[in-house]
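Structural description and commentary
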Amino acid sequence: GEVPRLFPTYSPMRFGTVRVLSEGKDVCLVTSGICTEEAIKAREMITTSGVQIRHLHLSTIVPFPVNVILDAATSCKYGVITMENHLINGGVGSATAEVLAEHAVGKRLIRL
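Numbering of residues begins from 1 in every chain and follows the order in which that chain's sequence is written. With pLDDT at 70 or above as the cut-off, local features in this predicted model cover only qualifying residues; side-chain atom pairs require 80 or more to be listed or tallied, and sums for whole chains, interfaces and linings still use all residues. Excluded from the side-chain calculation are hydrogens and water; included are all heavy atoms of the structure.

Below, the discussion takes up the side chain of S32. Starting at the N terminus, helices and strands are each numbered in turn, a helix being any DSSP run of H or I of at least four residues and a strand any DSSP run of E of at least two. Examined against the element boundaries, S32 turns out to sit in strand β2 (residues 27-32). The residues contacting S32, other than those within four sequence positions of it, are H57, L58, M83, E84, N85 and V92. We call two residues in contact whenever any of their non-hydrogen atoms come within 4.5 Å of each other.

Rendered as structure tokens:
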């Protein structure tokens, strides 16, 4: 099937940049790849129950946006959820775990 366009054509992917898809202070959601579409749908349903989600989309994993992830993780109340379309080991979830551990950020991390 056809892959949907998530971002407008006037806003092309930029190497090493992070798109902030929503602002919130309860949970930080970090996505990459085609999982972003499903995450957007889930986020829209969850926010109707009053949960505020800060949604970050990574266009590329390398270079990993350490400072952006740190800022998001420390500013969100409950923790971080990562979603990616391949293995949870060695990708966005693992890189996020490393950043949280290396900077002693005591927030929960759920890798999907």
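Still more to cover.
Attention now moves to the pattern of salt bridges. When charged atoms on two side chains of opposite charge get close, those side chains can pair. Whenever Lys or Arg places a side-chain nitrogen within 4 Å of a carboxyl oxygen from Asp or Glu, that contact is recorded as a salt bridge. Counted under the stated rule, the structure contains four salt bridges. We note a salt bridge from R54 to E23, for which the minimum N-O separation is 3.7 Å. On the criterion of sequence distance, the pair formed by R54 in strand β3 (residues 53-58) and E23 in the loop between β1 (18-22) and β2 is long-range, its members being 31 residues apart. One salt bridge in this structure joins K41 and E38, with 3.4 Å as the shortest N-O distance. With K41 and E38 both in helix α1 (residues 35-47) and three residues apart, this pair spans about one turn of that helix. Think of it in three bands: residues with accessible area under 20% of the maximum for their type are buried, residues over 50% are exposed, and the middle band is partly exposed, with areas taken using a 1.4 Å probe on protein chains only. We classify E38 as partly exposed; its relative accessible area is 44%.

With that out of the way, let us pick up the side chain of R54. For R54, a relative accessible area of 12% puts it in the buried group. A distance of 3.2 Å separates the side chain of R54 from the side chain of D71, its partner in a polar contact. The residues touching R54, leaving out its near neighbours within four places in the chain, are S22, E23, G24, V27, C28, L29, D71, A72, S75 and C76. Definition of a polar contact: a pair of N or O atoms within 3.5 Å, with one able to donate and the other able to accept a hydrogen when the atoms are protein atoms, and with sequence-neighbouring residues admitted only if both atoms are side-chain atoms.

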